[in-house]
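The chain contents come next:
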Amino acid sequence: MKSSPSQNRLAQSAASFDVVRFERVGVRYNRGPEILSDVNMRLRRGSFTFLTGASGAGKSTLLKLCYLTLKHSRGLINLFEQDVSVMSRAEQQSTKRKIGVVLQDFHLIDHLSVFENVALPLRVMEEVRSEYTQDVVELLQWVGLGHRMEAMPQTLSGGEKQRAAIARAVIAKPDLLIADEPTGNVDPVIGRRLLRLFSEMNRMGTTILIATHDISLIREIQADIVRIENGQLYEGLKEP
Amino acid sequence: MDNIADIPSAYPLLNSRQDNARTLISVLVIMAFLASLSLVFALSAKRLKNNWQDELGKSATVQLMIDNSEMKDLKIDTAIALLKEEYPKASVSVIEDGTAKALLKPWLGSVDLPDDLPIPTLISLEFESSNIVSLDHLKSKLSDEGIIAEIDDHSRWSDQISQTGRGLLASALAILALIFLACAAVSAFATQAALSAQRDVIRVLVQVGAADNFITKLFIGQAGKRGLISGCIGVILGGIISFIAHLKQKGETALLPELTMNWTDVIWLILLALLIGLICAVSAGITASRLLRQEHRRS
């Protein structure tokens, strides 16, 4: 991906720092064909990027590479200026703590309440419960789950699960937020509210990468846009 | 929920309902129960060995070989006088003929023994404390007085008893060690199963950046808690059974070790429950750490 002008002032001021950098990255599962081929991408600190593409084009695969759940077959991936292929286990875990992830299937823990699920990254960082409780409550109220804090995930609707997953991804104020169809299951009002949350986080310096089909969402804010087609990455939306 | 104070305390991150916690706890309770019985038995065996040795060490028997029955009383008096002179604090008494004959019953049966059966005269020496005197010189001193005597200080019995006691103690400790090994193995197996059953939870934890140490600590905490609870239940049950056995057996057996209890045993039993918890925790920690490393190598 060639760098495009970002509207974000923080992105401009920190243009030299790449949060994510892909160089000729290829991914294949076992001995199958390459899902991604020669992908080049740079996400500068403070940038806001939408990733589009048809279903099965490889959006989720690219996101998995970014949040260290999948290993690439070839090429170079740098996260926070560190080559992921030589990262130790501890470095990987430390890097993951800088990344907030919202997945399509939410990955909420069934036996934990909404509050506990959202507070999970802070517990993992071994922060003091009394110090983060207020933050979690406020965030849950902000995403419209203030009345569902003690509910268990299996009692939530799809939209509520999605909001809980988003709240968990952002609670620890990550440096990089990766979201896979974050507004897919929510009504337009909540969708816009979540987008405002992402914009606000971006304004505070978080680099955002959102995979989505939702063109209206993309048009809501000015951001970089990249699309995946045939395993390759292109800049901008596809011309009609 | 408007008030932050209403937020409940943190839930355990590992779901205890997902693995067979009850089955595991039942097995650990049984092991703790058996371990507590072994421990009480080991402590009893040690006490019994010491008691036996103490009792034997506090007494000795002097056998007088008197051919001439007319001189018998004189020689007995002489021997008693010499023994009292040698050991002024000891209790010296002649064992009655009837009692001496009764000692032969284990060998000769309960038939009436003839009156003219030559039975040595036995003099019992009882000391205040054990193993404080040497009896080696006694035989020659009695000989100087014209008395042929054999001195039995029970040392050969004491050695055998000591050996038997050590054997009982070692057996009980070996059983205890085997139970500890079994506890460790059960905890390791349960951790392996839990890691598999809670793969989804672990995946989320890893995704939000949990370090291996953090996840390992969760399993250590869970296994330690289960081990401690099971240990306490098993040890309480074992303690109750041992105490009942103690009450029933007290003073009834002479040769076999009694399952007796002492108040210090309670401390040992508390330590045993803690040790079972510790063994489960350490075993779970090692297993979780090893499996997480393996998982990392595979991914």
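Quick note: structure is the one above.
Residues numbered from 1 in each chain as written. Chains lettered and ligands numbered in written order. Predicted model: local features only at pLDDT ≥ 70, side-chain atom pairs only at ≥ 80, totals over all residues. Heavy atoms only, no water.

### Considering the sheet that holds strand S6 (residues 99-102) of chain A
Residue and element names in this part refer to chain A.
Inference 1: As summarised here, the arrangement of the six strands in space is S6-S7-S8-S3-S9-S10, forming an open sheet in which the pairing is mixed. In the strand order of this sheet, the two ends are held by S6 and strand S10 (232-235), each with one partner. Taking each pair of neighbouring strands and ignoring which way they run, the sheet shows an average axis angle of 20 degrees.
Inference 2: Note that strand S9 (residues 224-229) and S10 share four bridges and pair antiparallel. Pairing of Glu229 across the sheet is with Gln232, part of S10. (Pairing = 2+ DSSP bridges. Helix = DSSP H or I, 4+ residues; strand = E, 2+ residues; numbered from the N terminus. Axes fitted to C-alpha atoms, helices over the stretch in contact; angles between N-to-C directions.)

### A short note on a negative patch on the surface
Inference 1: On the surface, Glu127, Glu131, Asp135 and Glu138 of chain A cluster together into a patch of negative charge.
Inference 2: In this structure, Glu138 of chain A sits in helix H5 (residues 129-142). (Patch = residues over 30% accessible without salt bridge, like charges linked within 9 Å, V, L, I, M, F, W, Y side chains within 5 Å. Areas by Shrake-Rupley, 256 points an atom, 1.4 Å probe, with all protein chains shown as cover. Salt bridge = Lys/Arg side-chain N within 4 Å of Asp/Glu carboxyl O. Lys, Arg positive; Asp, Glu negative; His and termini not counted. Charge placed at Lys NZ, Arg CZ, Asp CG, Glu CD.)

### Digging into unusual backbone geometry
Residues and elements named next belong to chain A.
Inference 1: Despite not being glycine, Glu126 shows a phi value in the positive range, around 60 degrees.
Inference 2: Relative to the assigned elements, Glu126 resides in the loop between helix H4 (114-124) and H5.
Inference 3: Overall, the relative accessible area of 52% leaves Glu126 in the exposed class.
Inference 4: With phi around 50 degrees, Asn230 is a residue other than glycine that occupies positive phi space.
Inference 5: One can find Asn230 in the loop between S9 and S10. (Buried < 20%, exposed > 50% of the residue type's maximum accessible area, 1.4 Å probe, protein only.)

### Remarks on the interface of chain B and chain A
Inference 1: Contacts between the two partners involve 28 residues from chain B and, on the opposite side, 28 residues from chain A.
Inference 2: Here chain B packs against chain A, burying approximately 2700 Å² in sum over the two surfaces, 60% of which is carbon and sulfur.
Inference 3: Asp212 of chain B is paired through a salt bridge with Arg89 of chain A; the nearest N and O atoms lie 2.8 Å apart.
Inference 4: Counting across the interface, chain B meets chain A through seven residue pairs in polar contact (both at pLDDT 80 or more).
Inference 5: Elements supplying a minimum of two residues to the side of chain B that touches chain A: helix H7 (199-207), helix H8 (212-249) and helix H9 (263-298) of chain B.
Inference 6: For the side of chain B that touches chain A, the element with the most residues is H7 of chain B, which contributes six residues.
Inference 7: Its residues assigned to classes, the side of chain B that touches chain A shows 18 nonpolar, six polar and four charged. (Contact = heavy atoms within 4.5 Å. Buried area = accessible area lost by both parts, 1.4 Å probe. Polar contact = N/O pair within 3.5 Å; in protein donor to acceptor, adjacent residues only side chain to side chain. Nonpolar A, V, L, I, M, F, W, Y, C, P; charged D, E, K, R; others polar.)

### Considering the sheet that holds strand S4 (residues 148-152) of chain B
The strands making up a sheet are joined through hydrogen bonds of the backbone, oriented either antiparallel or parallel.
Residues and elements named next belong to chain B.
Inference 1: Overall, antiparallel pairing links the four strands, which are arranged S2-S3-S1-S4 in an open sheet. Since the sheet does not close on itself, it has two edges, and those belong to strand S2 (91-95) and S4, each with one partner. Each neighbouring strand pair of the sheet contributes to a mean axis angle of 25 degrees, computed without reference to strand direction.

### With respect to the nonpolar core
All names here are of chain A.
Inference 1: Counting 41 residues, the largest nonpolar core has Val136 and Leu140 as the members making the most contacts within it.
Inference 2: Counting residues per element, the ones that place at least two in this core are strand S3 (48-53), H4, H5, helix H6 (158-171), strand S7 (176-180), helix H7 (188-203), strand S8 (207-211) and helix H8 (215-220).
Inference 3: Ranked by residue count, the leading element in this core is H6, at seven residues.
Inference 4: Residue contacts for Leu140: discarding those within four places in its chain leaves Val114, Phe115, Val118, Leu145, Gly146, Met149 and Ala167.
Inference 5: Grouped together as the second largest cluster of nonpolar side chains are 32 residues, Leu63, Ile99, Leu176 and Ile228 included. (Core = buried A, V, L, I, M, F, W, Y, C linked by side-chain atoms within 4.5 Å.)

### Looking at the pairing of strand S4 (residues 74-79) of chain A
All names here are of chain A.
Inference 1: Of the pairings in the sheet, the one linking strand S1 (residues 18-28) to S4 comprises five bridges and is antiparallel in character. Looking across to S4, one finds that Glu23 is bridged to Leu76.
Inference 2: Relative to strand S5 (residues 82-83), S4 runs antiparallel, the two sharing two bridges. Its bridge partner being in S5, Leu79 is matched across the sheet by Gln82.
Inference 3: What sits between S4 and S5 in their antiparallel hairpin is a turn of two residues, with Phe80 showing a positive phi close to 50 degrees.

### Some thoughts on the packing of H7 of chain B against H8 of chain B
Between two packed helices, both the angle of their axes relative to each other and the distance between the axes serve to describe the pair.
Residue and element names in this part refer to chain B.
Inference 1: At a closest axis distance of 10 Å, the pairing of H7 and H8 adopts a crossing angle of 145 degrees. Facing Ile202, Leu205 and Val206 of H7, the residues of H8 in contact are Phe214, Ile215, Leu218 and Phe219.
Inference 2: When grouped by side-chain class, the residues that make up the contact of H7 with H8 number seven nonpolar, no polar and no charged.

### Description of the environment of Ile123 of chain B
Residue and element names in this part refer to chain B.
Inference 1: Topologically, Ile123 is positioned in strand S3 (residues 121-126).
Inference 2: Note on Ile123: relative accessible area 0%, which makes it buried.
Inference 3: Separated by 93 residues in sequence, Ile123 and Thr216 have C-alpha atoms that sit 70 Å apart.
Inference 4: Those residues within four positions of Ile123 in sequence are excluded, and the remaining contacts are Ala60, Thr61, Val62, Leu64, Ala79, Ile80, Leu83, Val92, Ser93 and Val94.

### Regarding the pattern of salt bridges
Inference 1: Taken as a whole, this structure holds 17 salt bridges over all chains when the rule is applied.
Inference 2: With a closest N to O distance of 2.8 Å, Arg74 of chain A and Glu34 of chain A form a salt bridge. Here the residue Arg74 of chain A occupies a position in strand S4, and Glu34 of chain A occupies one in strand S2 (residues 34-44), the gap between them amounting to 40 residues.
Inference 3: For Arg74 of chain A, a relative accessible area of 30% translates into the label partly exposed.
Inference 4: Salt-bridge contacts for Arg47 of chain B lead to Asp265 of chain B; the nearest nitrogen and oxygen are separated by 3.0 Å. In this pair, Arg47 of chain B is assigned in helix H1 (residues 21-57) and Asp265 of chain B in helix H9, connecting sequence segments 218 residues apart.
Inference 5: With relative accessibility at 1%, the residue Asp265 of chain B sits in the buried group.
Inference 6: Here the salt bridges share partners, and the residues they tie into one network are Asp18, Arg21, Glu23 and Arg42 of chain A.

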